[in-house]
Amino acid sequence: MPRLFFPLLLALLTFGALAPKAFSPLAPGSASAHAVYVFAYSASDQICSESYFSRKNRVQGGRVSLLSPNGTLLESGVTDGEGTFCFKSPDVAGDLIVAVEAGEGHRGEFILRASERSDSPSASFSPASPSPAPAETVEAGPAAAGPPAFSPQDARALQNFIRAELRDQLKPIVRALAEAENDQSPTLRNVVGGLGWIAGLLGLIFWRLGRRRPSPPPSRD
Amino acid sequence: MRSVRPLLALFFPLCLFLSPALAQAHFGVVIPTPPTVMDQADSTVNLEIEFWHPFANQGMSLPRPLSFAVYHSGEKNELVESLEEKKVGEFTTWRLAYKVDRPGLYTFVMAPHPYFEPAEDSFIIHFTKVYVDAFGDNEGWSEPTPGLKTEIVPLSAPGALYAGNVFTGKVLLDGQPVPGGEVEIEWRPGPDKKGQAPYESMITQVVKTDENGNFNFAPTAPGWWGFAGLNAADFKLPHEGLEKDVELGAVLWVYFHEFRPAVDAK
């Protein structure tokens, strides 16, 4: 039994230590034996994508494409170390398709549903567009009759201005959140989970070994 | 007198077998539809929460649970106040529409108030769990759920099973494997359906855990199967002035997909 036990334990520990680091799209780890996935979401004037084999195995240097529902290529890019890439929001309404190619024929696709989109085309935002000029509104005072005339263009420009401003202000928080989420250091949960795995696998091995020998019947009923 | 004693000794165990209440098991039930989220078009998971005899489709009432929580990305969110009551016939059940908006494993856990079962003269507490994979990410399915008193931890990825596959799970109580424990198993035939068993004794199937707390089971039909790892609690609860035993159930619901025949490639 020890003859089997130690090489297996060693193999497990070695794999555990090496697997996350050894991964790259062209020499994929074991996880890429499975499918590759891509997820996308709206972020103000961007469509951001995350590509992964699993949460820990991100697609690095994979080619991501943004396509219209009829398959027209709108934009493309390459994923970073976290498997993410953000597209400029396209001037196309409705569903969008995000596809990732991770080498060796690994391809994943995701439909970003129109109902889940909250982005607006970045092209429509330009600093030169007529501003609502808040100062004028204030000067008009309470005596001004009726609400200030507000064209749809003004509204959209204001909306975009607020979006851009919010995004800039929130950037440090978003980054901190992303860093917290992507923290690579093993948490207690990971450690316990890893131990659980080892215990589970060893359990299976022992169970298997135990089955080979006729064991005395259990004393309890 | 001497001849009566063995008869009595036989009588009581027989009572257990003959008792109809034991022929079908109680199950805490948490069923998500769809079982897996892959398309944003159906990313709202509709959860049915009940206390039921699944195979026979016989209802019981479930008061508002003590807790109904979702675990995702290492965070726990309590949702019990969002549950909506739904009467099924005369029985109280609960519903929740939960929007899944990120990839990853969503673990739903229902903890009910202790239920006193007169037929068994004991309390039953079924901690009931189900997993939903979202957008291809199922990381963490083999890890214990933090803070859960008792649970079945899968050793087979719960989101990728076909009917006929062997399912392996480990029964944990206070984080420790339970060797020689009993796991009751029932199929849930679906809404307005009940299963057909040749004998009442085949409504609930039973497997035992090995010395490491692991068990195996291969379901014969597609659909939802409930696994209940049962243990006696190390505490008692009062009922009408008397201290009663408490049965702790680690219930896990697993969906087994129909295995379809191959089609021509291209």
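Residues numbered from 1 in each chain as written. Chains lettered and ligands numbered in written order. Predicted model: local features only at pLDDT ≥ 70, side-chain atom pairs only at ≥ 80, totals over all residues.

### Considering the overall build of chain B
Broken down by element type, chain B carries 2 helices and 19 strands. Counting across all 266 residues of chain B, residues that qualify as buried make up 38%. Considering only contacts in chain B between residues 6 or more positions apart, those separated by 24 or more positions represent 67%. (Helix = DSSP H or I, 4+ residues; strand = E, 2+ residues; numbered from the N terminus. Buried ≥ 20, exposed ≤ 12 C-beta atoms within 10 Å, placed from the backbone. Contact = placed C-beta atoms within 7 Å.)

### Notes on the overall build of chain A
Secondary structure assignment for chain A yields 4 helices and 7 strands. What you see in chain A, going N to C, is helices and strands ordered as α-β-β-β-β-β-β-β-α-α-α. Within chain A, the fraction of its 221 residues that count as buried is 19%. Summarising the internal contacts of chain A: among those between residues at least 6 apart in sequence, 60% fall at separations of at least 24.

### Focus: the interface of chain B and chain A
Listed as interface residues are 20 residues of chain B and, on the opposing side, 22 residues of chain A. Counted by class, the side of chain B that touches chain A contains 6 nonpolar, 8 polar and 6 charged residues. (Nonpolar A, V, L, I, M, F, W, Y, C, P; charged D, E, K, R; others polar.)

### Re the confidence of the model for chain A
Residues and elements named next belong to chain A. Looking at chain A, the pLDDT average stands at 71 and 56% of residues meet or exceed 70. Mean pLDDT across the elements of chain A bottoms out in helix 2 (residues 134-140) (40) and peaks in strand 3 (residues 63-67) (95). In this model, residues 14-32 is a region of pLDDT below 50 whose contacts with residues beyond four sequence positions or in other chains number 22 contacts. (pLDDT = per-residue confidence, 0-100.)

### What to know about the nonpolar core
Ranked by size, the top nonpolar core spans 76 residues in total, and within it V98 of chain A together with V30, F227 and V254 of chain B carry the most contacts. Not counting residues up to four positions away in its chain, the partners in contact with V254 of chain B are P158, L161, F167, W225 and F227 of chain B. (Core = buried A, V, L, I, M, F, W, Y, C linked by C-beta atoms within 7 Å.)

### Quick notes on the sheet that holds strand 5 (residues 84-88) of chain A
All names here are of chain A. Spatially, the 3 strands line up as an open sheet ordered 1-2-5, and their pairing is antiparallel. The sheet terminates laterally at strand 1 (37-43) and strand 5, the two strands that pair on one side only. Averaged over all neighbouring strand pairs, the angle between strand axes comes to 25 degrees, with direction disregarded. Bridge analysis of strand 1 against strand 2 (residues 46-52) gives 7 bridges, and the strand direction is antiparallel. If you follow A40 over to strand 2, its bridge partner there is S49. (Pairing = 2+ DSSP bridges. Axes fitted to C-alpha atoms, helices over the stretch in contact; angles between N-to-C directions.)

### A few points about the sheet that holds strand 3 of chain A
All names here are of chain A. Spatial strand order, 4-3-6-7: 4 strands in an open sheet with antiparallel pairing. At either margin of the open sheet sits one strand with a lone partner, and together these are strand 4 (73-78) and strand 7 (107-112). Pairs of neighbouring strands in the sheet enclose a mean axial angle of 20 degrees, with direction left out of account. Pairing geometry for strand 3 and strand 4, over 5 bridges, is antiparallel. Counted as the bridge partner of S65 is S76 from strand 4.

### A word on the environment of Y106 of chain B
Residues and elements named next belong to chain B. Residue position: Y106 is located in strand 8 (residues 104-111). Judged by the 20 C-beta atoms lying within 10 Å of it, Y106 is buried. Separated by 28 residues in sequence, Y106 and A134 have C-alpha atoms that sit 7.3 Å apart. Not counting the four nearest positions on each side in its chain, Y106 is found in contact with V70, H72, V100, V132 and A134.

### Focus on unusual backbone geometry
Only a minority of non-glycine residues have a phi that is not negative, and only a minority of peptide bonds are not trans. All names here are of chain B. That bond from T33 to P34 is cis: its omega, 0 degrees, falls within 30 degrees of zero. The topology assignment puts P34 in the loop between strand 1 (27-33) and strand 2 (44-53). The backbone phi angle of D121 is positive, close to 55 degrees, even though this residue is not glycine. Along the chain, D121 falls in the loop between strand 9 (115-117) and strand 10 (122-134). Positive phi is not limited to glycine here, since K266 has a value of about 60 degrees. Here K266 lies in the segment after strand 19 (242-256).

### Some remarks on the confidence of the model for chain B
All names here are of chain B. Per-chain confidence: chain B averages 91 in pLDDT, with 91% of residues scoring 70 or above. The low-confidence segment residues 7-22 (pLDDT under 50) makes 4 contacts with residues lying over four places distant or belonging to another chain. Overall fold confidence (pTM) sits at 0.68, and the ipTM for the predicted complex is 0.75.

### Examining the pairing of strand 5 (residues 75-78) of chain B
All names here are of chain B. Sheet topology note: the strand 4 (residues 67-72)/strand 5 ladder contains 4 bridges and is antiparallel. Directly across from V70, in strand 5, lies its bridge partner N77. In this antiparallel pair of consecutive strands, strand 4 and strand 5, the connection spans 2 residues, and S73 shows a positive phi of 55 degrees.

### Quick notes on the pairing of strand 6 (residues 84-88) of chain B
All names here are of chain B. Taking burial as the measure, the 5 residues of strand 6 include 0 buried ones, a minor fraction of the element. Two elements, strand 6 and strand 7 (residues 91-99), share 5 bridges in a ladder whose sense is antiparallel. Each bridged residue has a counterpart across the sheet, and for V88 the counterpart in strand 7 is F91. If you look at the hairpin formed by strand 6 and strand 7, you'll find 2 residues sitting between the two strands, and G89 has a positive phi there, around 65 degrees.

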